[in-house]
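# Examining the three-dimensional arrangement
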Amino acid sequence: MARIAEIGGYLELERFRGELYHGDAIPLNSARGCLAYLAELRGIGTMWIPDFMCGCVPEYLERIGVAVRTFPVGVDLLPDYRSFEVGEGEWLLLADYYGQLRDRDVRKALSASGGRLIIDETQGFFREPWEGADTVYTCRKWFGVADGAYLSTKDGRRLDRELPRDESHARMGFVLGRFERPASEFYAEASANNDAFADESAKLMSPITENILRAVDYEWAKARRDDNWDVLDASFSSINAIHLRKPDGAFMYPLMVDGAQAIRGRLSSQGVYVPCLWPDVSGSGGSSLPAMLAAGIMPLPLDQRYGRGEIEEMASIVMDEVKRSKRHE
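Described in the following lines is the structure provided in the data block. Residues take numbers from 1 onward in each chain, read along the sequence in its written order. Reporting in this predicted model follows two pLDDT cut-offs: at least 70 for local features of residues, and 80 or more for side-chain atom pairs to be given and counted; totals over whole chains, interfaces and linings ignore these cut-offs and use all residues. Each side-chain value is worked out from all heavy atoms of the structure, with water and hydrogens disregarded.

### A word on the overall build of the protein chain
Elements are defined by DSSP. Helices are runs of H or I of four residues or more, strands are runs of E of two residues or more, and each kind is numbered from the N terminus. When its secondary structure is counted, the protein chain shows eleven helices and nine strands. Taken against the 2.2 N^0.38 rule, which gives 20 Å for 329 residues, the C-alpha radius of gyration of the protein chain at 20 Å falls within 12% of a compact globule. Each residue gets one of three labels from its accessible area relative to the maximum for its type: buried under 20%, exposed over 50%, partly exposed in between, using a 1.4 Å probe on protein chains only. Counting over 329 residues, the protein chain shows a buried share of 52%. Contacts were defined at the residue level, with two residues in contact if any of their heavy atoms lie within 4.5 Å. Pairs at least 24 residues apart make up 68% of the contacts formed inside the protein chain by residues separated by at least 6 positions. Approximately 16800 Å² of the protein chain is accessible, and the part contributed by carbon and sulfur atoms is 50%. Taken over C-alpha atoms, the radius of gyration is set against a globule rule of 2.2 Å times the number of residues to the power 0.38. Note on areas: Shrake-Rupley, 1.4 Å probe, and residue coverage restricted to the protein chains presented here.

Shown next, in the form of structure tokens:
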């Protein structure tokens, strides 16, 4: 009988026993790790990606040996198929911005790609995997973890080699710190954690991240996000330059108004943090559509940390700043 490595001593993080939301998917370390996994699994040599996307994605793909080609995204946040053609053996990465993809959009992408389609659901964690496509999810944009992702392959295929398992203990400082102290104290650490995945290969999800994800009340989190979406949509739909439908599990509420960059700065001074999701895109040339979308869309937070009262208060602050911006036009 094999001897147990250790018995006794101090207690570690409690072990949780809840169900994982994407329990049938492949649990990996990051969304970029999912792309690396797929590149190896499918033998991907070239991938078409949206021009409205963080620059870290093409950099990562090129680093792992995948040639990158870029297609334009229209104001409807969908590919402009008239301007490019996916060649034989090439793959298409379709992003589900703010959970707005519809079945017909995916069918069109499947046809355009010859079935060589990957759907980026980093903004659609609660969506089911798309039939006929490989689907990528992230965890750290949705829950209090430092890493983690899921990959659902369209045919159930997996690599026949064993991946190393990631470890998260050294990355958890900013997650634990924000539980007790203001986010501003740990912003630099959180940003450094985001940058760290640039050089990470595909690994299995860490035991810490998997354990924490087993403690999440997913139905409650989804319901709260959806309720918060309703509050924000009631406040802003009449002035929003983007026409939205309610997503199946909301990520953030994308509000597009004139003067968004200045408004974002004033909100930050009031403790309302509204990110520019892809600052490298917004700074790449102010006249381009991707730059205008990145700078002009304010993704308002609506996650499960907040109830109706807090969301209504935030909506009031944001509306005051929008009105202030209009008065100074």
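### A short note on the sheet that holds strand S5 (residues 117-120)
The pairing of strands in a sheet happens through backbone hydrogen bonds and is either parallel or antiparallel. Each pair of strands is called paired provided DSSP finds at least two bridges between the two strands. Reading across the sheet, the seven strands line up as S1-S7-S6-S5-S4-S2-S3 and stay open at both edges, with mixed pairing between neighbours. Pairing within the sheet leaves two strands with one partner each, and these edge strands are strand S1 (26-28) and strand S3 (67-71). With direction set aside, neighbouring strand axes in the sheet form an average angle of 25 degrees. One ladder, built from three bridges, connects S5 with strand S6 (residues 134-138); its direction is parallel. In the sheet register, isoleucine 118 faces S6, and the bridge partner there is aspartate 134. Helix axes are fitted only over the stretch in contact, all axes being lines through C-alpha atoms; the angle between N-to-C directions runs from 0 to 180 degrees.

### Regarding the packing of aromatic side chains
Only Phe, Tyr and Trp rings are paired, with Trp represented by its six-membered ring, and only when their centres lie within 6.5 Å; those with planes under 30 degrees apart are stacked, over 60 edge-to-face, the remainder tilted. Applying the stated rule across the entire model yields 22 aromatic pairs. A ring pair is formed by phenylalanine 125 and phenylalanine 126, whose centres lie 5.4 Å apart and whose planes are at 85 degrees; its orientation type is edge-to-face. By relative accessible area, phenylalanine 126 is classed as buried at 1%. The interplanar angle of 85 degrees and the centroid separation of 6.3 Å between the aromatic rings of phenylalanine 126 and phenylalanine 143 together place this pair among those described as edge-to-face. Of this pair, phenylalanine 126 sits in the loop between S5 and S6 while phenylalanine 143 sits in the loop between S6 and strand S7 (149-152), placing them 17 residues apart in sequence. An identical accessibility class is assigned to phenylalanine 126 and phenylalanine 143; each is buried.

### Here we look at helix H10 (residues 289-296)
With six of its eight residues buried, H10 lies for the most part within the structure. Within the span of H10, buried status applies to Pro290, Ala291, Leu293, Ala294, Ala295 and Gly296. At the N-terminal end of H10, a side-chain oxygen is found 3.2 Å from the backbone nitrogen of alanine 291, two or three residues along, and the residue is serine 288. What qualifies as a polar contact is a pair of N or O atoms within 3.5 Å, subject to a donor-acceptor requirement within protein and to the restriction that residues adjacent in sequence count only when both atoms come from side chains.

### Remarks on helix H1 (residues 31-42)
Spanning twelve residues, H1 covers 16 Å between terminal C-alpha atoms, matching the ideal 16 Å at 1.5 Å per step. When you tally the buried positions in H1, you get eleven out of twelve residues, the bulk of the element. Of all the positions in H1, only Ala31, Arg32, Gly33, Cys34, Leu35, Ala36, Tyr37, Leu38, Ala39, Leu41 and Arg42 are classed as buried. Just past H1, the residue glycine 43 takes up positive phi, approximately 65 degrees. Under the convention used throughout, the expected extent of a helix is 1.5 Å for every residue step, that is, one less than its residue count.

### Looking at the packing of H1 against helix H2 (residues 56-63)
The interhelical angle for the contact between H1 and H2, taken along N-to-C directions, is 35 degrees, at an axis separation of 10 Å. As for the relative orientation of H1 and H2, their crossing is right-handed in sense. Taking contact as the criterion, the partners of Arg32, Gly33, Leu35 and Ala36 in H1 are, on H2, Cys56, Val57, Tyr60 and Leu61. A per-class count over the contact of H1 with H2 returns six nonpolar, one polar and one charged. When the near helix sits turned anticlockwise from the far one by under a right angle, the crossing is termed left-handed; a clockwise turn instead gives a right-handed crossing. Residue polarity is assigned by list, with Asp, Glu, Lys and Arg as charged and Ala, Val, Leu, Ile, Met, Phe, Trp, Tyr, Cys and Pro as nonpolar; anything else, Gly included, falls into the polar class.

### Thoughts on the environment of glycine 74
Here glycine 74 shows up in the loop between S3 and strand S4 (91-95). Assessed through its relative accessible area of 18%, glycine 74 is described here as buried. Taking the C-alpha atoms as reference, glycine 74 lies 9.3 Å from phenylalanine 52; in sequence the two are 22 residues apart. Ignoring sequence-local partners within four residues, the contact set of glycine 74 consists of Leu289 and Leu293.

### Some details on the pairing of S3
Where strand S2 (residues 46-50) lies against S3, five bridges are found, and the strand directions are parallel. By the bridge assignment for S3, isoleucine 49 is matched with threonine 70. Orienting the strands away from the viewer, one traces the path from the first strand over the helix to the second; a clockwise path indicates a right-handed crossover. Where the polypeptide runs from S2 across H2 and back to S3, its parallel neighbour, the crossover connection is right-handed.

### A short note on the environment of leucine 93
Its place among the elements puts leucine 93 in strand S4. Distance from leucine 93 to alanine 170, taken between C-alpha atoms, is 32 Å for residues 77 residues apart in sequence. Those residues within four positions of leucine 93 in sequence are excluded, and the remaining contacts are Leu35, Met47, Trp48, Ile49, Pro50, Met53, Phe71, Ile118 and Asp120.

### What to know about the side chain of threonine 46
Residue placement: threonine 46 occurs in strand S2. Beyond its immediate stretch of four places on either side in the chain, threonine 46 contacts Val66, Ala67, Arg69, Glu90 and Trp91.

### Points about the environment of proline 275
Tracing the backbone through its elements, the reader meets proline 275 in the loop between helix H8 (260-269) and helix H9 (279-282). In this structure the C-alpha to C-alpha distance between proline 275 and leucine 35, which are 240 residues apart in sequence, comes to 24 Å. The contact partners of proline 275, leaving out residues within four places of it in the chain, are Met252, Arg264 and Pro299.

### A look at the pattern of salt bridges
Whenever a carboxyl oxygen of Asp or Glu lies within 4 Å of a side-chain nitrogen of Lys or Arg, that contact is scored as a salt bridge. Scanning the model with the defined rule gives 21 salt bridges in all. The closest approach of N and O atoms between aspartate 134 and arginine 42, which form a salt bridge, is 2.8 Å. With aspartate 134 in strand S6 and arginine 42 in helix H1, the pair connects residues that are 92 residues apart, well separated along the chain. A relative accessible area of 0% means that aspartate 134 is categorised as buried. What makes arginine 42 buried here is its relative accessible area of 14%. Linking arginine 305 and aspartate 303 is a salt bridge whose minimum nitrogen-to-oxygen distance equals 2.7 Å. Its relative accessible area of 10% is what places aspartate 303 among the buried residues. One network of salt bridges, in which partners are shared, links Arg42, Asp134 and Asp155.

Purely spatial values, then, with no claim about function.
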